[in-house]
Amino acid sequence: MEIKDNTFSRQFETETKQGLVTVEYSFQEKKIFLTKINTPESFADEDFIADFLKNIMEIAIERKLKVVPILPKIVVFFKKNPIYKELLPPGIRL
């Protein structure tokens, strides 16, 4: 999976057969806030979204960022993938 960090639009992007899938973010200090997932209208591949989020977590690890999940779907991702809970800032419980 190829992920582009579009810093101008503040989103991670990847192409699928159905179109562009994005995860919007914002930064504050050394934290990245994941705020929204955008998919094509007919897109329903939850496994693809999970893989996309796993790749974003790896980017956060490389950049030494803490991840703040704003979107409920991303909170569910953290609950299903406890390996990434170390990326949560202190005081955030899911």
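You'll find the structure just up there.
Residues numbered from 1 in each chain as written. Predicted model: local features only at pLDDT ≥ 70, side-chain atom pairs only at ≥ 80, totals over all residues. Heavy atoms only, no water.

(A) How the structure looks around the packing of aromatic side chains. Under the counting rule described, the total for this entry stands at five aromatic pairs. When the centroid spacing of 4.9 Å and the interplanar angle of 40° are considered together, the rings of F12 and Y25 count as tilted. Of this pair, F12 sits in strand β2 (residues 11-16) while Y25 sits in strand β3 (residues 19-28); the two residues are 13 residues apart in sequence, bridging distant segments of the chain. No difference in accessibility class separates F12 from Y25, as the two residues are buried. Taking 5.9 Å as the distance between ring centres and 80° as the angle between the ring planes, the aromatic pair formed by F77 and F78 counts as edge-to-face. This pair shows no difference in class: F77 is buried, exactly as F78 is. (Phe/Tyr/Trp six-rings, centres within 6.5 Å; stacked < 30°, edge-to-face > 60°. Helix = DSSP H or I, 4+ residues; strand = E, 2+ residues; numbered from the N terminus. Buried < 20%, exposed > 50% of the residue type's maximum accessible area, 1.4 Å probe, protein only.)

(B) Region of the structure containing helix α2 (residues 72-80). Of the residues making up α2, those classed as buried are I74, V75, F77 and F78. For α2, the angular spread of buried residues about the axis comes to 155°, placing them on one side. For α2, the exposed residues lying more than 90 degrees away from the buried face are P72 and K80. Looking at the buried side of α2, the elements it contacts are β3, β4 (31-38), α1 (46-62) and β5 (66-69). (Arc of directions from axis to C-beta. Contact = heavy atoms within 4.5 Å.)

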